[in-house]
Amino acid sequence: MDTLRIKAVAGVPFLLSASVLWVGGLTSRNTLAADAAAEALARVLIVTGEDPHNWRETAPALKALLTKDRRLHVEVTEDLEFLADPKLHDYDALVLHFSNWEHPNQPGKAAQENLQKAVANGTGVVVVHFASAAFRENPEFRKLVGRAWDAERFGHDPGGKFRVEITDVEHPITDGMESFETEDELYYGLTGKPPITVLAKARSKIDGKEYPMAFVYNYGKGRGFHCPLGHNVKAFETPAAGELFRRGTAWAAGLSPVPK
Ligand SMILES: [Zn+2]
């Protein structure tokens, strides 16, 4: 079987190879769970639990669409304080699906620095929709998300249908993907300076200009994939949008975007 490349392998018994599990006397149920985890090549954590959006509906929807790639072992935490936990470093990719807009300094400095350290050291980061507005008073977080929600520009088209143009067919994430129509919020209020590679764009009906709908960047050694789509469950149900999130997450976790 594949040797696990998951960072957590050394410290998490249930991720050990199924061939040695019986030695520990685990129950068959645990063995099955271990088998499922052992098949995975990357450990992914969706961080949610606070957002003006309906995260209680969208987080399970996002988990379901990511786990269609069986290489991804996807967990969810609804506790933003977990960002301060040393275990954060055990994951291959962190999917930021929250926005503490009302409490931008909670969790505090230790959590924000731990998140920055994990990504700088090589953990991938995926930014979903309003997560670009989390920790909005922290300039370093703005770099970590590549482009951040700019309160001065308050920005998105009213919810509705629009076309997402795949603009980079060379990048492995969007290789072979076609432009598509979705029903969502089109964010035009993201700003920032870090170099990014834009993979997809859409044109705002407000100002007639095009804005990135998917882009990649680096934060230290970490790979960043930022997709501002995902206002509600319906938005995630657009198959191509789901494909973007799934491929982007695999890529951020260090895998090929599509299983080979
Ligand atoms: Zn929204």
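If you're wondering where the values come from, they're calculated on a predicted model, not measured in any experiment.

Visitor: Mind laying out the overall build of the protein chain, listing which residues take part and the relevant values?
Guide: Scanning the protein chain from N- to C-terminus turns up six helices and 11 strands. In the protein chain, which comprises 260 residues, the proportion classed as buried is 43%.

Visitor: Give a detailed account of the nonpolar core, specifying residues and quantitative values.
Guide: In a soluble, globular protein the nonpolar side chains are often hidden away together inside. Of all hydrophobic cores here, the largest spans 68 residues; its most connected members are V44, A93, L94, V95, L96, V125 and V126. At seven residues, strand 10 (residues 210-219) tops the list of elements feeding residues into this core. If near-sequence neighbours (up to four positions away) are discounted, V95 is found in contact with V44, L45, I46, V47, V126, V128 and T249.

Visitor: Before we move on, could you go through the confidence of the model for the protein chain and cite the residues and values that matter?
Guide: Caution is warranted with low-pLDDT regions, since their predicted coordinates should not be read in detail. Summary statistics for the protein chain give a mean pLDDT of 89 and a share of 85% for residues scoring 70 or more. Below pLDDT 50 for its whole length, residues 1-6 participates in 11 contacts with residues either more than four positions away or in separate chains. Every residue in residues 8-29 is under pLDDT 50, and counting partners more than four places away or in other chains gives 27 contacts.

Visitor: So what about helix 3 (residues 109-120)? Which residues, and what values?
Guide: For the α-helix, the turn length of 3.6 residues means that residues three or four positions removed from each other point alike. A rise of 1.5 Å per residue sets the reference length of helix 3, with its 12 residues, at 16 Å; its end C-alpha atoms lie 16 Å apart and thus fit the reference within 8%. For helix 3, every residue scored as buried is listed here: Q112, L115, Q116, A118 and V119. Along the long axis of helix 3, the arc covered by the buried residues comes to 160°, so they all point the same way. Opposite the packed face of helix 3, turned more than 90 degrees from it, sit the exposed residues K109 and A110. Two residues or fewer past helix 3, G122 is found with a positive phi of approximately 125°.

Visitor: I'd like to hear about helix 2 (residues 55-66), residue by residue, with values.
Guide: Here helix 2 spans 16 Å end to end across 12 residues, near enough to the 16 Å set by a 1.5 Å rise per residue. Within helix 2, the full set of buried residues consists of W55, T58, A59, L62 and L66. End-on, the buried residues of helix 2 take up no more than an arc of 105°, which puts them together on one face. Among the exposed residues of helix 2, those oriented more than 90 degrees off its buried face are R56, E57 and A64.

Visitor: Let's hear about the pairing of strand 10: which residues, and what values?
Guide: For strand 10, a buried count of eight out of 10 residues is recorded, marking the element as mostly surrounded by other parts of the structure. In terms of strand pairing, strand 9 (residues 197-203) meets strand 10 through six bridges, oriented antiparallel. Bridge pairing in strand 10 places R203 opposite E210. Hairpin connection from strand 9 to strand 10: six residues lie between these consecutive antiparallel strands, with G208 at a positive phi of about 75°. Here strand 10 runs beside strand 11 (residues 222-227); their pairing, made up of five bridges, is antiparallel. Bridge assignment links V216 to a residue of strand 11, and that residue is F225. Here strand 10 folds back onto strand 11, and the loop between the two strands holds two residues, one of which, G220, carries a positive phi near 60°.

Visitor: Any chance you could break down the packing of helix 2 against helix 6 (residues 239-252) for me, citing the residues and the numbers?
Guide: Following both chains from N to C, one finds helix 2 and helix 6 inclined at 70°, their axes separated by 9 Å at the closest point. Taken together, the axes of helix 2 and helix 6 lie roughly perpendicular to each other. As helix 2 runs across helix 6, the sense of the crossing is right-handed. Note on element contacts: helix 6 touches helix 2 through G242, F245, R246 and T249, opposite L62, L65 and L66. Looking at the contact of helix 2 with helix 6 residue by residue, the classes come out as four nonpolar, two polar and one charged.

What counts and how
- Residues numbered from 1 in each chain as written.
- Predicted model: local features only at pLDDT ≥ 70, side-chain atom pairs only at ≥ 80, totals over all residues.
- Helix = DSSP H or I, 4+ residues; strand = E, 2+ residues; numbered from the N terminus.
- Buried ≥ 20, exposed ≤ 12 C-beta atoms within 10 Å, placed from the backbone.
- Core = buried A, V, L, I, M, F, W, Y, C linked by C-beta atoms within 7 Å.
- Contact = placed C-beta atoms within 7 Å.
- pLDDT = per-residue confidence, 0-100.
- Expected span 1.5 Å × (residues − 1).
- Arc of directions from axis to C-beta.
- Pairing = 2+ DSSP bridges.
- Axes fitted to C-alpha atoms, helices over the stretch in contact; angles between N-to-C directions.
- Parallel < 35°, antiparallel > 145°, perpendicular 65-115°, else oblique.
- Left-handed = near helix turned anticlockwise from the far one by under 90°.
- Nonpolar A, V, L, I, M, F, W, Y, C, P; charged D, E, K, R; others polar.

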